[in-house]
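Coordinate analysis (summary)
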Amino acid sequence: MAEITASMVKELRERTDAPMMECKRALTEAAGDLAKAEEILRVKLGSKASKAASRITAEGVVAIHRSSDDKLGAMIEINCETDFVGKNDEFLKLARDCAALVTEHDPMDVTALSALPMGEGSVESTRTALVGKIGENMSIRRFVRITAQGRLAAYVHGGAKIGVLVDYLGGDDQLGKDLAMHIAATKPKALDSSGVALDLIESERRIAIEKAREAGKPEALIEKIAEGSIQKFLNEVTLLGQVFVKAEDGKQTIAQLLKAKGASVAGFTLFVVGEGLVKRTNDFAAEVAAQAAAAAQK
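So, how was this worked out
- Residues numbered from 1 in each chain as written.
- Predicted model: local features only at pLDDT ≥ 70, side-chain atom pairs only at ≥ 80, totals over all residues.
- Heavy atoms only, no water.
- Helix = DSSP H or I, 4+ residues; strand = E, 2+ residues; numbered from the N terminus.
- Buried < 20%, exposed > 50% of the residue type's maximum accessible area, 1.4 Å probe, protein only.
- Pairing = 2+ DSSP bridges.
- Axes fitted to C-alpha atoms, helices over the stretch in contact; angles between N-to-C directions.
- Contact = heavy atoms within 4.5 Å.

We now examine unusual backbone geometry. Most peptide bonds adopt trans geometry, and most residues besides glycine take a negative phi value. Even without being a glycine, A31 presents a positive backbone phi close to 55°. Note that A31 resides in the loop between α2 (20–29) and α3 (34–45). One non-glycine residue, A160, adopts positive backbone phi at about 65°. Within the secondary structure, A160 sits in the loop between β6 (151–157) and β7 (162–169). Residue A160 is classed as buried on the basis of its relative accessible area, which comes to 16%.

Here it is in structure tokens:
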């Protein structure tokens, strides 16, 4: 039997927000497999075990730049260590200027962007100088540059923590704005079901089957129940399947909204600052104790 360590329990708890003993039991049942243990907890606890998927753990900002005709645009994420620096005017300017450079020059990657001219030097020398001035590290994490099939709508939300670029055809400016704000609010994983990873769908299928069995459903109906659960899941995580957040009847989907407006969506990009990153945490009491102990030894 695999040894279940305290660090494994801690990691699973951070992923799921589930009670510590439930995490330990799930890890034991899964023979130490974290992914399997997370599935077990989702079967037992439902949505309570998926909070970690949306937890944001790093600081920084998203910046967007678009051409005047909304045919070309770029979005960039730049990270820093603290939220305080994330609000610094010079840091925000660096992000905006980098987004403009991506739009204009189409660099291949962060390294190429860093070498582009900025001010009296380059993007990298500007970043380095700002690090020295502020005293906090910062890094360019990622960017995207989009040439629209139709035109681009953009939205930045929550102190520049969430950014959206959506390429849409037909409709009007208000529709573009509504689509971008909807994406920021609901965070779809893909435009439609074809963009959802198969392993994610299979994971949902396994969870649905186990839930149905635990609920005592007839074995002959379990596959049908699971398919219904998968369809519900796909509607929840795909833009076209989601209910429009501003729907007056609470039922109109994005697909229905687009049809009514004679419009379509070619694609979208969503950036959430710090998504997938782990923020450094400090135990200040431990630091003070360590410093006191070190001082006493001198």
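A few words on the side chain of T103. Structurally, T103 is set in helix α5 (residues 89–105). Here T103 falls in the buried class, since its relative accessible area comes to 6%.

Take the sheet that holds β6 next. Reading across from one edge, β6-β7-β8 is the order of the three strands in this open sheet, with antiparallel pairing throughout. Every interior strand has two partners, whereas the edge strands, β6 and β8 (264–272), have only one. The average undirected angle you get between the axes of adjacent strands in this sheet is 15°. Where helix α8 (residues 173–186) meets the sheet, its contacts fall on β6, β7 and β8, and the angle it forms with β7 comes to roughly 140°.

Let's shift gears to the pairing of strand β1 (residues 59–66). With eight bridges joining them, β1 and strand β2 (residues 72–80) adopt antiparallel strand pairing. Within the sheet, the bridge partner assigned to I64 lies in β2 and is M75. Following β1, the chain reverses through five residues before pairing antiparallel with β2; D70 in that reversal takes a positive phi of roughly 60°.

By themselves, these are just geometric observations and shouldn't be taken as functional.
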